[in-house]
Amino acid sequence: MKRIVVMTGGHLAPALAVIEEIRKSTDWDIVWIGRKYAMEGENISSIEADVIPKLDIPFYTIDAGRLQRKWTNQTIPSLLRIPLGFYQSLILLLKLKPGVVMSFGGYLSLPVVFAGWLLRIPIVSHEQTVVSGLANRLAGFFADNILISFQGSSLDFPHHKTILVGNPVRRSVLEVKRKVARPKLIYVTGGNQGSQIINKTISAILPKILTSFQVIHQTGQLDYKTYVARKRQLKMARRYKVFAILDPAEIPKILARASLVISRAGANTVSEISAVGVSAIFIPIPWSERGEQEKNAKMLARIGIAKVIQQDRLTPKSLLGALGSMIDKPPNIRQVARAKRLINHNASQEIVKILRKFIERE
């Protein structure tokens, strides 16, 4: 009987890269344990709930809660769901009997990791960011191996089980052939859930930038209808394409054609932009774990292919100024090469080798 690899957590892009490699080089069965909804208290499907079943991967959900950093109307319900998430994880793992649990972080991964540890199932955890998140730091106590993307992350984990592998990037991104669109294309994204402040700021300057550029705008589902209506108000509406979410398979095609990306600075977004070598304007989330997003963004800013605008300084004027300085100054060959060196192109293969030692052991 084939072993089962359980992929779990909320970071889809690196997991997809590892799934690609698993399917290319092994005959393992894969199942996914993830979240059904994108946000607590909202009836909006998560991106993984939409994407993973289309890959013919069984998708299981648990209703885990998390420790919230500020008090909201979801704080108490979320706390009450923490033991429920652990119980559901325990039942699922007893049913699935996986050879290894592969975690990509996020609050949902923690009950699965803890249940796997109790059941003596090997645990491999991957940290994508320069600054590790709370869930992964806690998971590190139970993991057999902790895989990190940057050397600086090693300070957060026990050295004897920490391995530097890099952040896995999908082959379709690594192999992008740049063919810049005409008129030039600006890709705006706030991540799968969108960013209301980025959406509002780009909306204010759309009439100006659409005279010269095309825009693909991924808004998130909460704001999507607002920007569909906004499109109807624009004179150059044919140059403006708006999406609630984008299928991950479409991202490489967009990055191949884009002259500029305007986005948050999550580790996976920064990794894919590095791999392609496209210019970017980053607006880091100011409340990200220990300034994680700002540190991600500054890696590319130091190379010269990105600008960073702090959220409290984001205005239509500041964004338009940064856009003007970046759009007509594409990265040179040296800058692109330096950006690509931030990425280990073999990270997925190295991760599968590590998984193999657990899955195939007698």
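The notes below deal with the structure included here. Each chain has its residues counted from 1, following the order in which its sequence is written. This being a predicted model, a pLDDT of at least 70 is required before a residue's local features are given, and a value of 80 or more before pairs of side-chain atoms are given or counted; all residues contribute to the totals for chains, interfaces and linings. Only hydrogens and water are set aside when side-chain values are computed; all heavy atoms of the structure are taken into account.

## Some points on the overall build of the chain
In step 1: Helix and strand definitions follow DSSP, with helices as H or I runs of at least four residues and strands as E runs of at least two, each counted in order from the N terminus. Along its length, the chain carries 14 helices and 13 strands.
In step 2: Radius of gyration: C-alpha atoms only; globule rule: 2.2 Å multiplied by the number of residues to the exponent 0.38. The C-alpha radius of gyration of the chain comes to 20 Å, within 12% of the 21 Å expected for a compact globule of 362 residues.
In step 3: By principal-axis analysis of the C-alpha atoms, the chain measures approximately 65 × 45 × 35 Å.
In step 4: Buried means the residue's accessible area, taken with a 1.4 Å probe over protein chains only, is under 20% of the maximum for its type, while exposed means over 50%, and partly exposed covers the values in between. Looking at the chain as a whole, 54% of its 362 residues are labelled buried.
In step 5: A separation of at least 24 residues holds for 68% of the contacts in the chain among residues at least 6 apart in sequence.
In step 6: Just so you have it, the chain exposes about 17,000 Å², and 54% of that area is on carbon and sulfur atoms.
In step 7: For the purpose of counting charges, residues Lys and Arg are taken to be positive, whereas Asp and Glu are taken to be negative. His and the chain ends are not included. By convention, charge coordinates are those of NZ in Lys, CZ in Arg, CG in Asp, or CD in Glu. Charged side chains of the chain number 52 positive and 26 negative; the gap between the two group centres comes to 9 Å. Whether two residues are in contact is decided by their heavy atoms, any of which lying within 4.5 Å being enough. We get accessible surface area from the Shrake-Rupley algorithm with a probe of 1.4 Å; when it comes to residues, only the shown protein chains can shield them.

## Considerations on the sheet that holds strand S1 (residues 4–8)
In step 1: Strand pairing is defined by DSSP finding a minimum of two bridges between the two strands. In space, the 7 strands of this open sheet follow the order S3-S2-S1-S4-S5-S6-S7, with parallel pairing throughout. Lying at the two open borders of the sheet, with one neighbouring strand each, are strand S3 (59–61) and strand S7 (162–164). Within this sheet the neighbouring strands show an average axis-to-axis angle of 25 degrees, counted without direction.
In step 2: Both strand S4 (residues 100–103) and strand S5 (residues 123–127) contribute to a ladder of 3 bridges, which runs parallel. A fitted line through C-alpha atoms represents every axis, and for helices the fit uses only the stretch in contact; the resulting angles, taken between N-to-C directions, go from 0 to 180 degrees.

## Some remarks on the pattern of salt bridges
In step 1: Salt bridges are counted wherever a side-chain nitrogen of Lys or Arg sits within 4 Å of a carboxyl oxygen of Asp or Glu. Taken as a whole and judged by the stated rule, the model has 6 salt bridges.
In step 2: Measuring nitrogen to oxygen at the nearest pair gives 3.4 Å for the salt bridge that ties lysine 184 to aspartate 328. With a gap of 144 residues between them, lysine 184 in the loop between helix H6 (171–174) and strand S8 (185–189) and aspartate 328 in the loop between helix H12 (316–327) and helix H13 (333–340) connect regions that are remote in the sequence.

## A closer look at the sheet that holds S8
In step 1: Pairing is parallel in the open sheet, where 6 strands are placed in the order S10-S9-S8-S11-S12-S13. The open sheet terminates on both sides in strands that have one partner only, identified here as strand S10 (240–243) and strand S13 (306–308). Within the sheet, the average angular offset between the axes of one strand and its neighbour, ignoring direction, is 15 degrees.
In step 2: By the bridge criterion, 4 bridges tie strand S11 (residues 258–263) to strand S12 (residues 279–282) in an arrangement that is parallel. In the strand pairing of S12, leucine 260 is matched with serine 279.
In step 3: Running over the sheet, helix H7 (residues 196–209) touches S8, strand S9 (214–218), S10 and S11 and is turned about 165 degrees from S9.
In step 4: Helix-sheet contacts for helix H11 (residues 292–303) involve S12 and S13, and the interaxial angle to S13 is about 130 degrees.

## Digging into the environment of aspartate 247
In step 1: Locating aspartate 247 in the fold gives a position in the loop between S10 and helix H9 (251–257).
In step 2: Accessibility expressed as a relative area gives 36% for aspartate 247, which makes it partly exposed.
In step 3: With 32 residues separating them in the primary sequence, aspartate 247 and valine 215 have C-alpha atoms 17 Å apart.
In step 4: Counted as a polar contact is a pair of N or O atoms within 3.5 Å, where, for protein atoms, one must be capable of donating a hydrogen and the other of accepting one, and residues adjacent in sequence contribute only when both atoms are in side chains. Among the polar contacts made by the side chain of aspartate 247, one reaches the main-chain amide nitrogen of alanine 249 at a distance of 2.8 Å.

## So, unusual backbone geometry
In step 1: Between arginine 182 and the following residue, proline 183, the backbone shows a cis peptide bond with an omega angle of -5 degrees.
In step 2: Located in the positive-phi region is lysine 97, a residue other than glycine, with phi close to 50 degrees.
In step 3: Tracing the backbone shows lysine 97 in the loop between helix H3 (75–96) and S4.
In step 4: Its relative accessible area of 63% is what places lysine 97 among the exposed residues.
In step 5: Backbone geometry places arginine 120, a non-glycine residue, at a positive phi of 60 degrees.

## As for the environment of serine 271
In step 1: Topologically, serine 271 is positioned in helix H10 (residues 267–276).
In step 2: Given the relative accessible area of 4%, serine 271 is considered buried.
In step 3: Residues serine 271 and lysine 340 lie 69 residues apart in sequence; the distance between their C-alpha atoms is 8.8 Å.
In step 4: Once you skip the residues sitting within four places of it in the chain, serine 271 turns out to touch Asn167, Val169 and Ile343.

## Focus on the packing of helix H1 (residues 12–25) against helix H14 (residues 347–359)
The relative placement of two packed helices is expressed as an angle between their axes plus a distance between the axes.
In step 1: For the pair H1 and H14, the least separation of the axes is 9 Å and the interaxial angle reads 65 degrees. Seen along the crossing, H1 lies across H14 with a hand that is right-handed. Residue-level contacts link Ala17, Val18, Glu21, Ile22 and Ser25 of H1 to Ser348, Gln349, Ile351, Val352, Leu355 and Arg356 of H14.
In step 2: Looking at the contact of H1 with H14, its residues break down into 6 nonpolar, 3 polar and 2 charged. Crossings are sorted by hand: turned counterclockwise from the far helix by less than a right angle, the near helix makes the crossing left-handed, and turned clockwise it makes it right-handed. Three classes are used, and their members are as follows: Ala, Val, Leu, Ile, Met, Phe, Trp, Tyr, Cys and Pro are nonpolar, Asp, Glu, Lys and Arg are charged, and the others, Gly among them, are polar.

## Topic: the nonpolar core
The tendency in soluble globular proteins is for nonpolar side chains to be buried as a group.
In step 1: Buried residues of nine kinds, namely Ala, Val, Leu, Ile, Met, Phe, Trp, Tyr and Cys, make up a nonpolar core once their side-chain atoms join them within 4.5 Å. If you look at the biggest cluster of nonpolar residues, it comprises 32 residues, and the most contacted ones within it are Tyr187, Leu255, Val261, Ile273, Val278, Phe282 and Leu300.
In step 2: Looking at this core, the elements with two or more residues in it are H6, S8, H9, S11, H10, S12 and H11.
In step 3: Setting aside residues up to four positions removed in sequence, valine 278 forms contacts with Arg178, Leu255, Ala258, Ser259, Leu260, Val261, Ile273, Ile305 and Pro331.
In step 4: Residues Leu16, Ile52, Val124 and Leu355 belong to the second largest nonpolar core, which totals 27 residues.

## Looking at the packing of H10 against H13
In step 1: Their axes nearest at 7 Å, the elements H10 and H13 cross at an angle of 135 degrees. Taken together, the axes of H10 and H13 are oblique relative to one another. Crossing geometry of H10 relative to H13 is assigned as left-handed. For the pair formed by H10 and H13, the contact residues are Ser274, Ala275 and Val276 on the first element and Val336, Ala339 and Lys340 on the second. Oblique is the label for any angle not covered by the other classes, which are roughly parallel (under 35 degrees), roughly antiparallel (over 145) and roughly perpendicular (65 to 115).

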